[in-house]
Structure formats: structure tokens, C-alpha cells
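What the coordinates show
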Amino acid sequence: SVPITISKDRVGPYIRRMNASNAAEFTVSVGDEVLQLNYAKLRFRTSPLKASVTTVSTDAGSSPTSSSGGGATSSSDGSHTHTVTISDHTHTVTISSHTHSVTTNNHTHTVQVIDVGTLEGTPVYFNETYHYFNSTLTSGTDVVTGSASGGETVSSASGGSSTPTSSSGGSATPTSSSGGSHNHTVSNHTHTVTIPAHNHTLTYGLYADTNYPQVISLSINSVDVTVALGGTWAPTNATVEQEVDITDYLVEAVGGLRQHHRISFSCTTGQGEIEMEVNMLLTIQAIAIA
């Protein structure tokens, strides 16, 4: 008879990296010598990504190019200033035809006649619309005083088309301050940056990220078993360690127990490492090797 043996078998532990775009894939193989799978316990634990250096070297002559679409508009609401430089220039002013009006108030005029002589006894007068004198000269030096009524309006006219010109020197730099918002529109363009050959100094050590895989799901042979096994797991940015029984999902898998079973972990956010191992209790027998 062929002897039958009860055997414990462990697959792993294996470590894979994962994030929201990349699942962590593992394989659990059950060979032809296995008569029965008594149990299979899957254990997993998450941790941050780890690295042993902080910098890397780069090749010469790399020329990354970034493209920026047009029509971008930026708005600024803060106070700011504008500086404007005014060059040498002139100002031209044209004066049109016009008049000036002057009103004369009530007033008097004093006229002194020196050495009246033969004019003694002669009446003297001057009378126009607004001014008049009416007096009789006496001997010697006479002072004749006449009165003038107010309200006289005299108008003078100045012809148009005169063009005075003033000149202003350059280099004046007035500055205006504006507290309002404004917009700038940027047209389509690209940026090209050429990086010359250079090296970075490597710093060795153990460096861990601060992010963990979060909201973890589990699939076995492409069948999502998350909810059936109590998931999802890792609701927050922290490590999680869990053990689940996957016996039925290996025994009842499409294609049978004896095959390479695919174990897949995925997360919806975060990133990091996941460590997995499967402990199995098997009933096995010796097989003939052809």
C-alpha cells in the first residue's frame, strides 16, 4: 500500500509593493501529491515603503519638455503697484476764439491843469457814456475832479488757432498703486529644459515612507472574497495585520485544488508593502515520477 502522510506546509512569507494602481500578486501552489487540504490560513501585514538610499545619479543630456495649454488665466486680488517710465515728449494745446469781459466799478479821475493862464474862467468838460468832467478853470494851478459811474463792460476778443507747445523731459517714473484684482492670459506654449551631466551623492541608510495601503481587498483566482472574509481592511493610514481562512476557496476553485492559485491584494488609496504567507495542513501520499 502507498503510505499517507499528514504534512504542514508554509508558503512564504513574501513581500510585494502596492498602491491604488498596482495590486500585490502572490502564488500558492498545490501539487499532485496532495490528497486533501485540511486547512489553509492566509496571514498578511502592511507596512510603509522602505529604501536604503536617499538620492540617485542621473545621465547627461536629458531634455525633459513640459507643455502648457493656452488660455490659462490667473487672478490676483492683492494690492500691487505698476511702474511707468515716461520718455521725452511735448504737449500741444489749441485755444479757440473767445472774448474777455471786464466790468469797471464806480470811481473818480483827478486831472491837474498846470498854469491855467489864459484858460482862466474857461469851462472844461469831458462827457462820454460813462465818464464826464464839467468844471470851470480858475487861475493858477487847478485840480479838476470828475466822477465816473460803474458798470462799464468792456469786451476784448482773442482769435483762435493759437497753438502753444510745452516740452517735458523724459526719465520721469511715476508709480501707481492698485488694490483691485486683475487677470493675465497665457497663450499656448512649451518649456524645454536641458539638464547637463551631473551626479548626486548617495546617502545610505534605512528610510521609510509615512503612507500605508488603505481600504484593502482580496481576490483568489480572480474571485473577490473580501466581504465574505470580513473585509475591507485598513480603513486608516496605519498598519494592519490579519489572518483569514481560505480553505474553501482553494478546494472549490475552478480547475480544482491541485494548481497554482493566484492571490491578489488591492487598495483604493495609499501605498506601501504587504507581507503574505499561507500555512496549510495537507494529507499527502507518494507519487510515481515518470
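Above this note sits the structure.
The sections below set out a description of the structure shown in this document. (Residues numbered from 1 in each chain as written. Predicted model: local features only at pLDDT ≥ 70, side-chain atom pairs only at ≥ 80, totals over all residues. Heavy atoms only, no water.)

Looking at the packing of aromatic side chains
Across all of its chains, the model carries 3 aromatic pairs by this definition. Aromatic pair Phe26 and Phe265: ring centres 6.0 Å apart, planes at 85°, arrangement edge-to-face. Of this pair, Phe26 sits in strand β2 (residues 24-29) while Phe265 sits in strand β23 (residues 260-269); the two residues are 239 residues apart in sequence, bridging distant segments of the chain. Summarising the burial analysis for this pair, Phe26 and Phe265 share the class buried. Aromatic side chains Phe44 and Phe265 sit 5.0 Å apart centroid to centroid with 55° between the ring planes, which places their arrangement in the tilted category. A residue pair is termed long-range when its members are at least 10 positions apart, and Phe44 in strand β3 (residues 34-47) and Phe265 in strand β23 qualify at 221 residues. Assigned by exposure class, Phe44 and Phe265 land together as buried. (Phe/Tyr/Trp six-rings, centres within 6.5 Å; stacked < 30°, edge-to-face > 60°. Helix = DSSP H or I, 4+ residues; strand = E, 2+ residues; numbered from the N terminus. Buried < 20%, exposed > 50% of the residue type's maximum accessible area, 1.4 Å probe, protein only.)

Here's the deal with the pattern of salt bridges
Under the definition given, this model contains 4 salt bridges. One salt bridge in this structure joins Glu275 and Arg45, with 3.5 Å as the shortest N-O distance. A residue pair is termed long-range when its members are at least 10 positions apart, and Glu275 in strand β24 (residues 271-285) and Arg45 in strand β3 qualify at 230 residues. For Arg45, a relative accessible area of 39% translates into the label partly exposed. Across the pair Glu273 and Lys50 runs a salt bridge, and its minimum N-O distance is 3.5 Å. Of the two residues, Glu273 sits in strand β24 while Lys50 sits in strand β4 (residues 50-53), which places them 223 residues apart along the sequence. According to the relative accessible area criterion, Glu273 is buried, its value standing at 10%. According to the relative accessible area criterion, Lys50 is partly exposed, its value standing at 44%. (Salt bridge = Lys/Arg side-chain N within 4 Å of Asp/Glu carboxyl O.)

Here we look at the pairing of strand β20 (residues 214-220)
With 5 of 7 residues buried, β20 lies mostly within the body of the structure. Judged from the 2 bridges that link them, β20 and strand β21 (residues 223-224) form a sheet pairing that is antiparallel. Each residue of the ladder has a partner; that of Ser219, found in β21, is Asp224. With antiparallel pairing between neighbouring strands as the criterion, β20 and β21 make up a hairpin whose turn holds 2 residues, including Asn221 at a positive phi of roughly 55°. (Pairing = 2+ DSSP bridges.)

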